[in-house]
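The chain contents come next:
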Amino acid sequence: MAILVTGGAGYIGSHTVVELLEAGLEVVVIDNLCNGSREAVRRVERITGKPVRFVQCDIRDRQGLDALFREHAIEAVIHFAGLKAVGESVGKPLEYYENNVYGTLVLCQAMEAVGVRRMVFSSSATVYGAEAPVPYVETTTRGTTSNPYGTSKAMVETLLEDLVVADKRWSVALLRYFNPIGAHPSGLIGEDPQGIPNNLMPFIAQVAVGRRDELTIFGSDYPTTDGTCERDYLHVVDLAVGHLKALKAVEAPGVSIYNLGTGQGVSVLEMVGSFTRVTGVEVPYRFGDRRPGDLPAFWADASKAAQELGWSAEKSLDEMMADTWRWQSANPQGYAE
Ligand code: NAD
Ligand code: UDP
């Protein structure tokens, strides 16, 4: 029996496939490669010394999924596939709802048809909305999301919860990620955003490697210790390990929700400072306007995952910086070379 990983050629998916293979599990990866890379899958094979079964398939392609489930004995699905750029989602809501919500619907229908009813889903801290008290706790109800990306995550959470209510054989873990950064310590796989990075860490890394001139820090007058926003950054390898633990949670029917974060807020200025301290590379920056929709500060209460899954983030901010730089400096153009 194998674990099906949708979106396994992407950033978090590829790191999770490494952990699954190293734990001795069988894995089948599907990805339509709209934001992932075939090369990432080859490098996962290099890291683990194991072949990866890869199928180029879109989660909206019901026939493709049916063929896949016929061909491989799947016991559970880890579902990463989807679009994830917050800003882009505002201009392309239909694409976001189609990939993230309709795509998940088709995937669930294909799973139901073959009696595979275990799913670990990539959700996001964004579903807490702007009003939730910090630190975010899983018992707080979903808030008002402020963009189609966030709304698509909240909609999929609702869809999966409804599915479990309707059929007690279903088992779902909703993993609410905080801010994953870093790269595999081998330097072979990492984050490789297309175009101008939206997120802080890949932007810092691309300035450091000379692909961009300077970082713009969005806002310096937030009510935080140094005026810049605070987020809960966690190492992508820790996050990947969280999926391995969550597979245990989906052995029993029902819905479980887990925050995956460190429980610590770190400011944008602290991020820039740590990167330079750890790597010795200066990152020129200037202060710009606030980015619309940004919240001043949030981080996880990660105690539920610790108590119930036995998971907590172990890697330090220094390791996140060192691993990001090992990946970016060895692969200045990402997987494109
Ligand atoms: P990513 O873009 O690197 O990986 C997603 C993968 O899914 C890509 O390889 C892409 O080609 C594939 N994909 C997209 N649409 C598809 C479709 N219709 N059919 C098949 N494959 C498809 O993103 P990531 O950072 O690895 O994120 C993985 C998941 O985690 C996403 O669902 C994302 O929304 C969620 N998430 C990410 C973050 C983050 O900061 N990176 C935070 C919270 C949640
Ligand atoms: N940020 C920034 N400059 C950038 C990208 C991000 O100052 O070029 C800030 C952003 O305002 C936020 C933090 O870095 O406060 C983390 O942003 P990211 O997009 O990585 O994560 P998210 O906003 O999704 O938490």
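What you see is a predicted model, and the numbers here were worked out from it, not measured in a lab.

Enquirer: Lay out the nonpolar core with the relevant residues and their values.
Expert: The biggest cluster of nonpolar side chains holds 41 residues, and the ones touching the most others in it are Val 17, Val 120, Leu 175 and Leu 247. Contacts of Leu 247, omitting those with residues within four sequence positions, involve Ile 3, Leu 20, Leu 25, Ala 76, Ile 78 and Val 120. With 29 residues, the next largest nonpolar core counts Leu 4, Val 28, Ile 59 and Cys 108 among its residues.

Enquirer: How would you sum up the site of ligand 2? Please name residues and give values.
Expert: Surrounding ligand 2, one finds 15 residues, the nearest of these being Thr 216, Cys 229, Arg 231, Arg 291 and Asp 294. Between ligand 2 and the protein, one listed contact pairs an oxygen atom with a side-chain N or O atom of Arg 291 at 2.8 Å. Contacts to ligand 2 include Asp 294, whose side-chain N or O atom sits 2.5 Å from an oxygen atom. Protein coverage of the free-state accessible area of ligand 2, which is 520 Å², stands at 89%. For the shell around ligand 2, the secondary structure elements donating two or more residues are helix H7 (200-208) and strand S8 (215-218). Ranked by residues supplied to the shell around ligand 2, first place goes to S8 with 4 residues. Tallied by class, the residues present in the shell around ligand 2 amount to 8 nonpolar, 4 polar and 3 charged.

Enquirer: Please give an account of the site of ligand 1 that cites residues and values.
Expert: Surveying the vicinity of ligand 1 reveals 27 residues, the closest of which are Ile 12, Asp 31, Asn 35, Asn 99 and Tyr 149. A distance of 3.1 Å is found between an oxygen atom of ligand 1 and a backbone nitrogen or oxygen belonging to Gly 36. Within the backbone of Ile 59, a nitrogen or oxygen atom sits 3.0 Å from a nitrogen atom of ligand 1. Against a free-state accessible area of 820 Å², the protein chains account for coverage of 95% of ligand 1. Looking at the shell around ligand 1, the elements that each hand over two or more residues are helix H1 (11-22), strand S5 (118-124) and helix H6 (148-166). At 3 residues, the largest contribution of residues to the shell around ligand 1 is made by S5. Among the residues making up the shell around ligand 1, the classes are represented as 12 nonpolar, 10 polar and 5 charged.

What counts, and where the lines are drawn
- Residues numbered from 1 in each chain as written.
- Chains lettered and ligands numbered in written order.
- Predicted model: local features only at pLDDT ≥ 70, side-chain atom pairs only at ≥ 80, totals over all residues.
- Heavy atoms only, no water.
- Core = buried A, V, L, I, M, F, W, Y, C linked by side-chain atoms within 4.5 Å.
- Buried < 20%, exposed > 50% of the residue type's maximum accessible area, 1.4 Å probe, protein only.
- Contact = heavy atoms within 4.5 Å.
- Near = heavy atom within 4 Å.
- Polar contact = N/O pair within 3.5 Å; in protein donor to acceptor, adjacent residues only side chain to side chain.
- Areas by Shrake-Rupley, 256 points an atom, 1.4 Å probe, with all protein chains shown as cover.
- Helix = DSSP H or I, 4+ residues; strand = E, 2+ residues; numbered from the N terminus.
- Nonpolar A, V, L, I, M, F, W, Y, C, P; charged D, E, K, R; others polar.

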